[in-house]
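# Results of the structural survey
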Amino acid sequence: MEALQNLVQQNAIAVSAGILIVAYIFIAWEKISKVTIALLGACVTLFLGLLAADKDINDLAHYFTNYIDFNVIFLLVAMMIIVHITSNSGVFKWLANEMLKLTKGKPILVLTSLAIFTAVVSAFLDNVTTVILVMPITFAACKKLDVNPIPFLISEILCSNIGGTATLIGDPPNIIIGSAAGFSFMDFVRELTLIVVIIMAVTVAIMVAFFKKDLKSTPEKMAEITKIDNSDSITDKNLAIRSVIVLMLVILGFVTHDITHIPTFLIAMIGASFLLIFEKPHKVLMEVEWNTIFFFIGLFIIVGGLEASGGISLMAKWLLNVAQGSQETMAMIILWASGILSGIIDNIPYTATMAPMLATIQSIEGAEYTHPLWWCLSLGACLGGNMTIIGAAANVIVCETANKQGIKISFMGYLKYGVISVLISLILSTIYIHFRYLA
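None of these values were measured; they are calculated from a predicted model.

### Re the packing of helix α2 (residues 12–29) against helix α19 (residues 347–365)
Following both chains from N to C, one finds α2 and α19 inclined at 160°, their axes separated by 10 Å at the closest point. It follows from the interaxial angle that α2 and α19 lie roughly antiparallel. At the point where α2 passes α19, the crossing takes the left-handed sense. Of the residues in α19, those touching α2 at Leu20, Tyr24 and Ile27 are Pro349, Tyr350 and Thr353. When the residues that make up the contact of α2 with α19 are grouped by side-chain class, the tally is five nonpolar, one polar and no charged.

### Side note on the packing of helix α4 (residues 70–88) against helix α12 (residues 237–255)
α12 packs onto α4 with a crossing angle of 150° between their chain directions and a minimal axis gap of 8 Å. The orientation of α4 relative to α12 falls into the category roughly antiparallel. For the element pair α4 and α12, the recorded crossing hand is left-handed. Packed against α4, whose contacting residues are Leu75, Met79, Ile82, Ile85, Thr86 and Asn88, the element α12 presents Leu239, Ser243, Leu247, Val250 and Phe254 at the interface. Looking at the contact of α4 with α12 residue by residue, the classes come out as eight nonpolar, three polar and no charged.

### Thoughts on the side chain of Thr388
Following the sequence through the fold, Thr388 ends up in the loop between α20 (367–384) and α21 (393–404). A relative accessible area of 6% means that Thr388 is categorised as buried. If we skip the residues at most four places from it in the chain, Thr388 touches Gly343, Asn395, Phe411, Tyr414 and Leu415.

### Some remarks on the packing of aromatic side chains
Per the stated rule, a full pass over the model turns up 15 aromatic pairs. For the pair Phe183 and Trp375, a centre-to-centre distance of 4.4 Å together with 15° between the ring planes defines the contact as stacked. One end of the pair, Phe183, is in the loop between α9 (172–181) and α10 (185–210); the other, Trp375, is in helix α20, with 192 residues separating them in the sequence. The class for Trp375 is buried, based on a relative accessible area of 0%. Ring geometry for Tyr432 and Tyr437: centres 6.3 Å apart, planes at 90°, overall edge-to-face. Taking the ring centre of Phe278 as reference, the NZ or CZ of Arg242 above it sits at 4.3 Å.

### As for the nonpolar core
Judged by nonpolar contacts, the single largest core of 148 residues is most densely connected at Met79, Phe254, Met330, Ile334, Ile361 and Ile433. Considering each element in turn, this core owes the most residues, twelve residues, to α4.

### What to know about a nonpolar patch on the surface
On the surface, a cluster of nonpolar side chains totalling about 560 Å² of accessible area is made up of Ile21, Val22, Ile25, Phe26, Trp29 and Ile32. Relative to the assigned elements, Ile32 resides in the loop between α2 and α3 (34–47).

### Remarks on the side chain of Thr103
Here Thr103 lies in the loop between α5 (91–102) and α6 (107–122). Assessed through its relative accessible area of 5%, Thr103 is described here as buried.

### Comments concerning the state of the cysteines
Taken as a whole, this structure holds zero disulfides when the rule is applied. Cys382 carries a free sulfur, and the closest cysteine sulfur to it, the one in Cys376, is 13 Å from it.

Procedures and definitions
Residues numbered from 1 in each chain as written. Predicted model: local features only at pLDDT ≥ 70, side-chain atom pairs only at ≥ 80, totals over all residues. Heavy atoms only, no water. Axes fitted to C-alpha atoms, helices over the stretch in contact; angles between N-to-C directions. Helix = DSSP H or I, 4+ residues; strand = E, 2+ residues; numbered from the N terminus. Parallel < 35°, antiparallel > 145°, perpendicular 65-115°, else oblique. Left-handed = near helix turned anticlockwise from the far one by under 90°. Contact = heavy atoms within 4.5 Å. Nonpolar A, V, L, I, M, F, W, Y, C, P; charged D, E, K, R; others polar. Buried < 20%, exposed > 50% of the residue type's maximum accessible area, 1.4 Å probe, protein only. Phe/Tyr/Trp six-rings, centres within 6.5 Å; stacked < 30°, edge-to-face > 60°. Lys NZ or Arg CZ within 6 Å of the ring centre and 35° of its normal. Core = buried A, V, L, I, M, F, W, Y, C linked by side-chain atoms within 4.5 Å. Patch = residues over 30% accessible without salt bridge, like charges linked within 9 Å, V, L, I, M, F, W, Y side chains within 5 Å. Areas by Shrake-Rupley, 256 points an atom, 1.4 Å probe, with all protein chains shown as cover. Salt bridge = Lys/Arg side-chain N within 4 Å of Asp/Glu carboxyl O. Disulfide = S-S within 2.5 Å.

Given below as structure tokens:
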């Protein structure tokens, strides 16, 4: 065993990189659960001694828990609890139905309003929760209008990933980036909201143009939308009031972080803990996406093995060499590589690998050089998820749910819209990054 560990230590970069690459391949293959792959990879990393499994007072730096970003873990768990409790009250369903009534049943306005609703809600809730909330409303509206739901579902997929790009809590890659770079909730709002709004508006306009022939209904059917009974959408008024107040206070806490300096994860944990006082914790905790949480933990350990071996530092220096010191070249490489790769592989492991690499580049080149690179990573990783059905979890959920309803969204059928959306998003992001940070 000691001989094996010595051999591993002599080839630590190659071994840790090999574990990460194999994990990527199996995650992309999707035949085995990605949480299983991440935890197996973490076990191999610890077993081979790439990170220390035992606390050693003489070598605390390589203790594996140092590489698990608990800011990310606690923020994710807390937001999952808050979102689940708030969703149970029916308040989001009520909001969506009220928005539908304002459209007067016009299919183009219904598609536009549901797409915008999805984008806005995705900025504050996770994308999967958002699409799960909006899909039943979409199916009901399309049935009343007697129109094809596919244009609506594709628009909602695209807007869930676009909207999630705008804030710290909107998409898991942003949570990783925020923790690694030390960015606050308001940093994301200030730096990304403008470009996200532009991308969303262009995307919705293109979807309306593509699907215009499908967005037609009769006056009688349109009238049915205005008569939606929304009286029973909110199932528990007290819960709705309580959870909405807590959610608003948590978001206010995020917004005022630059003044209070209270960590984001702690604000979310306080909100979640308060809501749990009125709930049965064991029932709520059963609804937390523990697969996602343990997926993150496994990934942090695998990437930590590569970081501890010096592999991340080597990658950072190689990337600096390729860019030849040019900030603009580096920014465009990160933006476009992130956008394309995130459409093919899961954007969470990709971001978990890139974040420590950018942190290393920052230690070499300084914060001013690296500042736009973080936003390139965020835009590329979040927006790139729109490229394919498997590019983001929300895409998979929508397509699987639609399939159960007898509505087939094929891989190739979605691809043309996904590719167009990502290309437009990356072109607009390129222009934005250039004029905002590099010109």
